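Coordinates in review
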Amino acid sequence: MSIALLVPGGRGQLGHDLVAAAGDGLVHAPSSAELDLTDAGAVADAVASFADTARDSGLRPVVVNAAAYTAVDQAETDEDRAFAVNAEGPGLLAARCAEHDVPLLHVSTDYVFPGDGTRPYEPGDPTGPRSAYGRTKLAGEERVLAAGERSWVVRTAWVYGASGGNFVKTIARLAGERETLSVVDDQVGSPTWSLDLAHGLVALAGVVAGGGHPERVLHATGGGETTWCGFARAIFAELGLDPERVRPCGTADFPRPAPRPAYSVLSGAAWARAGLTPLRDWREALAAAFATHAVP
Ligand SMILES: NC(=O)c1ccc[n+]([C@@H]2O[C@H](COP(=O)([O-])OP(=O)(O)OC[C@H]3O[C@@H](n4cnc5c(N)ncnc54)[C@H](OP(=O)(O)O)[C@@H]3O)[C@@H](O)[C@H]2O)c1
């Protein structure tokens, strides 16, 4: 039986690519104005009507939550609002999904970890967010997992895609404005093309809709690792520009309101144990994103 998807945050970067990855399937991807996750009544109505419509059409309903308060620095001074969107909203959504026996995939972040690791983080490693955004996302994970047995958390990192602003677009713009750029070279992570992540989430949705029960917390990022400087140099290379125009600098050279994790690499071992195909290597994905004009 085929699946149907409800994607809160459907107009965001990942939401946009979830619609693309779902192909011809039934997908309802409301904007934040159409479905505000902090509005309990709206969430209850949306899940109930989606579950009914999907089942009436002979489809298995799955909710993939792509909605979030993602302004990491702003969250430091707006934590109540970030908590409402990243913790309370997913909690409401998970409760309604459990009530209607609809599986939920909730997307989370590397920022739940302290970022001082020396090997890829496993899903069960101790969390310890260092930012308001990370705290609110961790609280969201806890609420989602507590709501029932058919909810899953998928952590990702360093996401870029066709829709919205992101690092790739920023670097491409700055490449046209400046002769040289200084980019931090002491933060390590795995760039993730949102379309690759979206295909992975659609595959996971198929697994859980079919009654599969993988581990409840999974990691999905592009393969391999680099620094922001390495990522920026690869973007220059894709643009046909000299990567040496990107100069390495340290985190201390760019103080930000929210601390950034020094080490953000997430292990995909649990994802592979679930029988899911690992996302391709980050560099290969970046080339594909440029080749298909998804970016810049
Ligand atoms: N981007 C990254 O590098 C990254 C890294 C790790 C994890 N993640 C996670 O990946 C997921 C997707 O992120 P993204 O990059 O696609 O973010 P995004 O482009 O900022 O999209 C988030 C979407 O959520 C919507 N939203 C905000 N408040 C809402 C509310 N109250 N109710 C319903 N929708 C609301 C936003 O709509 P409006 O624009 O109308 O507010 C936006 O469309 C998030 O869970 C994020 O935490 C992202």
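Here is a short report on the structure shown in this document. (Residues numbered from 1 in each chain as written. Predicted model: local features only at pLDDT ≥ 70, side-chain atom pairs only at ≥ 80, totals over all residues.)

Within the protein, the secondary structure is distributed over 9 helices and 12 strands. A globule of 296 residues ought to have a C-alpha radius of gyration of about 19 Å, and the protein, at 19 Å, matches this closely. A principal-axis box enclosing the C-alpha atoms of the protein has dimensions of 60 × 35 × 35 Å. Here the contacts in the protein between residues at least 6 apart in sequence split such that 81% fall between residues at least 24 apart. (Helix = DSSP H or I, 4+ residues; strand = E, 2+ residues; numbered from the N terminus. Rg over C-alpha atoms; globule rule 2.2 N^0.38 Å. Contact = placed C-beta atoms within 7 Å.)

Here the focus is the sheet that holds strand 3 (residues 60-65). Reading across the sheet, the 6 strands line up as 2-1-3-4-5-10 and stay open at both edges, with parallel pairing between neighbours. A single partner strand is all that each edge strand has here, and the edge strands are strand 2 (26-28) and strand 10 (217-219). Pairwise comparison of adjacent strand axes, ignoring direction, gives a mean angle of 25 degrees for this sheet. Pairing between strand 1 (residues 3-6) and strand 2: 3 bridges, direction parallel. Among the inter-strand pairings, Ala-4 is bridged to a residue of strand 2, identified as Leu-26. (Pairing = 2+ DSSP bridges. Axes fitted to C-alpha atoms, helices over the stretch in contact; angles between N-to-C directions.)

Turning next to the site of the ligand. Neighbouring residues of the ligand: 28 residues in total, closest Gly-9, Gly-12, Gln-13, Ser-32 and Ala-67. Sorting the residues of the shell around the ligand by element identifies helix 1 (13-21), helix 3 (79-99) and strand 4 (104-109) as the ones contributing at least two each. No other element matches the 3 residues that helix 1 contributes to the shell around the ligand. Here the shell around the ligand is composed, by residue class, of 13 nonpolar, 12 polar and 3 charged. (Near = placed C-beta within 6 Å. Nonpolar A, V, L, I, M, F, W, Y, C, P; charged D, E, K, R; others polar.)

We now examine helix 1. The element helix 1 is largely enclosed, with a buried count of 8 among its 9 residues. Listed in full, the buried residues belonging to helix 1 are Gln-13, Leu-14, Gly-15, His-16, Asp-17, Leu-18, Val-19 and Ala-21. As for helix 1, its buried residues are in contact with strand 1, strand 2, strand 3, strand 4, strand 6 (159-160) and helix 6 (194-209). Following helix 1 by one or two positions, Gly-23 adopts a phi angle in the positive range, close to 60 degrees. (Buried ≥ 20, exposed ≤ 12 C-beta atoms within 10 Å, placed from the backbone.)

With that out of the way, let us pick up the packing of helix 5 (residues 167-177) against helix 7 (residues 228-238). Look at helix 5 against helix 7: their axes get within 10 Å of each other, and the N-to-C directions meet at 60 degrees. The angle between helix 5 and helix 7 places the two elements in the oblique class. Between helix 5 and helix 7 lies a crossing of right-handed hand. Residues Phe-167, Val-168, Ile-171, Ala-172 and Ala-175 of helix 5 lie in contact with helix 7, whose contacting residues are Phe-231, Ala-232, Ile-235 and Phe-236. For the contact of helix 5 with helix 7, a count of residues per class yields 9 nonpolar, no polar and no charged. (Parallel < 35°, antiparallel > 145°, perpendicular 65-115°, else oblique. Left-handed = near helix turned anticlockwise from the far one by under 90°.)

A word on the nonpolar core. Core analysis: the largest hydrophobic core is formed by 90 residues, its most contacted members being Leu-5, Leu-18, Val-62, Val-64, Leu-201 and Ala-205. Among all residues touching Val-62, those that are not within four sequence positions of it are Ile-3, Leu-5, Val-102, Pro-103, Leu-105, Ala-205, Val-208 and Ala-209. (Core = buried A, V, L, I, M, F, W, Y, C linked by C-beta atoms within 7 Å.)

Attention now moves to the packing of helix 3 against helix 4 (residues 132-146). Axis separation between helix 3 and helix 4 bottoms out at 8 Å; the angle between their running directions is 15 degrees. When the axis of helix 3 is compared with that of helix 4, the two are roughly parallel. When you trace helix 3 past helix 4, the crossing you get is right-handed. Within the contact between the two elements, helix 3 uses Glu-79, Ala-82, Phe-83, Asn-86, Ala-87, Pro-90, Gly-91 and Ala-94 and helix 4 uses Ala-132, Tyr-133, Thr-136, Lys-137, Ala-139, Gly-140, Arg-143 and Val-144.

What follows is about the environment of Ala-139. Within the element layout of this structure, Ala-139 appears in helix 4. The exposure class assigned to Ala-139 is partly exposed, which follows from the 19 C-beta atoms found within 10 Å. When the C-alpha atoms of Ala-139 and Thr-70 are compared, they prove to be 15 Å apart, with 69 residues separating the residues in sequence. The contact partners of Ala-139, leaving out residues within four places of it in the chain, are Phe-83 and Ala-87.

Sheet faces and side chains relate simply in a regular strand, where the side chains alternate between the two faces. The buried fraction of strand 4 amounts to 6 of the 6 residues, a majority that puts the element mostly inside the structure. Residues Leu-104, His-106 and Ser-108 of strand 4 are buried on one face, and the alternating residues Leu-105, Val-107 and Thr-109, pointing to the opposite face, are buried as well. As judged from the 3 bridges shared by strand 3 and strand 4, these two strands associate in the parallel manner. Pairing of Asn-65 across the sheet is with His-106, part of strand 4. By the bridge criterion, 6 bridges tie strand 4 to strand 5 (residues 151-156) in an arrangement that is parallel.

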